[in-house]
Amino acid sequence: MSDSDNLRQASLYYHEFPRPGKLEIRATKPLANGRDLSRAYSPGVAEACLEIQANPQDAARYTSRANLVAVISNGTAVLGLGDIGAMAGKPVMEGKAVLFKKFANIDCFDIEVDEHDPETLAKIVCALEPTFGAINLEDIKAPDCFIVEKLCREKMNIPVFHDDQHGTAIVVGAAATNALHVAGKTFEDIKIVSSGGGAAGIACLNMLLKLGAKRENIWLTDIAGLVYDGRTEEMNPHKAEFAQKSDLRTLDDVIEGADMFIGLSVGGILTPDMVTRMADRPIIFGLANPTPEIMPDLARAVAPDAIIATGRSDFPNQVNNVLCFPFIFRGALDVGATEINDAMELACIHGIAKLARETTSAEAAAAYSGEKLTFGPDYLIPKPFDPRLIAVVSASVAKAAMDSGVASRPIADFDGYVKKLEQSVFKSALLMRPVFDAAATSNRRIVFAEGEDERVLRTAQAVLEEMSETPILIGRPDVITARCERMGLTVRPGKDFAIVNPEHDDRYRDYWTSYHDLMARRGVTPDTARAIMRTNTTAIAAIMVERGEADSMICGVFGEYRWHLNYITQVLATDKLRPVGALSLMILEDGPLFIADTQVHQRPSPEDIAEIAIGAARHARRFGIEPKIALCSQSQFGNLSSGSGKRLRKALKILDSAPRDFAYEGEMNVDTALDGDLRARIMPKTRFDGPANILVFGSPDAASATRNILKAKSEGLEVGPILMGMGNRAHIVSHSITSRGLLNVTAIAGTPVKAYE
């Protein structure tokens, strides 16, 4: 079976199973009893209706309208398929709705209308205004799309956006902005040749005019050749605006000296010979799909310095509308914009372009493993899975809407709005905010044991950009430099952060003698100490903290947890400091849940369990969470005399032996811990109401299994693990941690020690 046949079968299977289509509707409010029903529908729903009748703006308060977009098409210009009809276009419109939800958390209905008359179609769309906060017109053929959009924009008081026109134009505008930046040229001075007079092609040229290009420098060609003054074949008013007074007639005639070619037409129309006659460092956007106007390898064969973009994902610089439409709608909806105007579109362009010029996010790098995502000829625009897009682009659009006077619900706390957008992407952002705020009050030195790891390098870049902490990396300078360059990071060892080179460091003798002094009577010889300080980066980091050259260390990016713990304990444990337990914060759909001890104790004693509970309560408060601790076991309030239940009951007595400022209960099953009603039936005099938010287990196997199940099956995001009991001097992460997870642990490590007391 060919690759195309495989793709066809896989795509059909994807659309059919496990249930047909790509969308469903879910309720956002409970409907579990008669009381819920009376509020959701009759008679309570009437109250919301009357409020909206009195003030239509309140629809944004009481309904989903302010976060609801319609994707509307008549199927006359679907992708590369042409006029296939409204029903056949439905999979595409469902797909567009999925992208809205995935990238910007916007709810979306796809509406396929079997209507070819543009004026009638516009009337249908206008009649839907009470339902939606915005309209996305999709896959409507030119010139009908211009008519539909114009009529709808004139009559509707919500944003109407034809994505095939403006979405493409915005992404082309961002790519062109950065291409000119790389080429050292300006919009005002370049000659632009375009192939394709459809909706997207015309919109791109209009956008380039807004960015500074001169109309007299734009040469538009289509199926009939150059659009020139006096031409009547295949013409419409939108093309006529770009008509040139010229005797030239073909693309081949006008390509001479062109700085930029934009193709939205058919594959193969731009030949290598034409490329040789373009200006130096030509910019070539061959956006026809699936075959570009010229294949990149053919263009580079005659112009090695060409800057090239296509519409395909298998080449660099894919011009993809998903970089635009979710985020421009997000910003527009959030301020109740009455339209999407030029200012908002330009803000979207500048936001996308600016993001590409910054350091690539770790999340985008992970999603596009193996690709070099460094700003330059092969990286002009961000990748769609760059999570920063929503905060940067949507915020820029919202601000432009407010500044241009089209926002019906201006945002008072704009900084708070940006943070909210960030939190919508990074689930840990809201819970981590108190920790980051606490870390901002100090400048702690954090040493990373595995300084050559790519995740650590990205974390070091983020620390320098977002925090006040000082990173110190253990690793070989040449390896770190090469990896930073490959990943497009701007940080460099010795310049932006301190470094310890295990192969050669002036402090080597001080380190091995310090380690030997600590371990001489525990079987470590001078030769062993020397070898460890050459090869064991965890031990080196621990010695740095012990000597006062760093305030905290982070290790564990690779290797086994207890191996790292051994060296931390050897070097940093004291009479007052010792590893108490590993605490993981799991961020779940319905809220946070702490789990302990997942790593430190193989069989915790009652005294260990009590200490774990006390430490977990203290740490929960650092995240602004009032602790409710459940001691979890197979045993339920004394019904089993064996296993962990016996140790947990003793731990409960230890906790009861002194006043505690947190709620705790046990021993119990996990479902009993998380279901307050169930617990109240089993133990009527339970010590706290509602679900527990800290689960302390009597076995690390149970704790670790629970954590891993939540990560794998409930899409739980782990913050930590946090090593309790060491005064914030050391933390051991898991080998599966991401760069974002490392940044969170760095913030924890960067919190002043007094916050732990």
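Going by the structure above, here's the rest.
Given the structure is predicted, the values throughout are model-derived calculations rather than measurements.

*Asks:* Talk me through the overall build of the protein; I want residue IDs and the actual numbers.
*Replies:* Regarding its fold elements, the protein presents 31 helices and 21 strands. Taken along its principal axes, the extent of the C-alpha atoms in the protein is 95 × 75 × 55 Å. Taken across its 757 residues, the protein has 53% of its residues classed as buried. If you take every contact in the protein between residues at least 6 apart in sequence, the share linking residues at least 24 apart comes to 70%.

*Asks:* A description of the packing of aromatic side chains should follow, citing residues and the corresponding values.
*Replies:* Inspection of the entire model under this criterion finds nine aromatic pairs. Aromatic side chains Tyr13 and Phe17 sit 4.7 Å apart centroid to centroid with 40° between the ring planes, which places their arrangement in the tilted category. Since its relative accessible area comes to 54%, Tyr13 is described here as exposed. On the basis of relative accessibility, which here comes to 38%, the residue Phe17 falls in the partly exposed class. Of the aromatic side chains, those joined through ring pairs into one cluster are Phe100, Phe161, Phe325 and Phe329. Between the NZ or CZ atom of Lys96 and the centre of the ring of Phe325, over which it lies, the distance is 4.2 Å. Positioned above the aromatic ring of Trp512 is the side chain of Arg530, whose terminal nitrogen or guanidinium carbon lies 4.2 Å from the ring centre.

*Asks:* Run through the sheet that holds strand E1 (residues 68-73), naming residues and quoting values.
*Replies:* On the basis of which strands lie adjacent, the open sheet formed by four strands has the order E2-E1-E3-E4 and parallel pairing. In this open sheet, the two edge strands, each paired with only one partner strand, are strand E2 (107-112) and strand E4 (160-162). Averaged over all adjacent pairs, the angle separating strand axes in this sheet is 20°, with direction ignored. Pairing between E1 and E2: six bridges, direction parallel. Pairing of Ile72 across the sheet is with Ile111, part of E2. The strands touched by helix H7 (residues 144-155) within the sheet are strand E3 (134-137) and E4, with E4 carrying the most contacts at an inclination of about 170°.

*Asks:* Can you tell me about the environment of Ile308, naming the residues and giving the values?
*Replies:* You can see Ile308 is positioned in strand E10 (residues 307-310). You can call Ile308 buried: its relative accessible area is 5%. Along the primary structure Ile308 and Arg534 are separated by 226 residues, whereas in three dimensions their C-alpha atoms are 47 Å apart. Look past the residues within four positions of Ile308 in its chain and what remains in contact with it is Ile284, Pro296, Ala299, Arg300, Pro316, Asn317 and Pro377.

Conventions and cut-offs
- Residues numbered from 1 in each chain as written.
- Predicted model: local features only at pLDDT ≥ 70, side-chain atom pairs only at ≥ 80, totals over all residues.
- Heavy atoms only, no water.
- Helix = DSSP H or I, 4+ residues; strand = E, 2+ residues; numbered from the N terminus.
- Buried < 20%, exposed > 50% of the residue type's maximum accessible area, 1.4 Å probe, protein only.
- Contact = heavy atoms within 4.5 Å.
- Phe/Tyr/Trp six-rings, centres within 6.5 Å; stacked < 30°, edge-to-face > 60°.
- Lys NZ or Arg CZ within 6 Å of the ring centre and 35° of its normal.
- Pairing = 2+ DSSP bridges.
- Axes fitted to C-alpha atoms, helices over the stretch in contact; angles between N-to-C directions.

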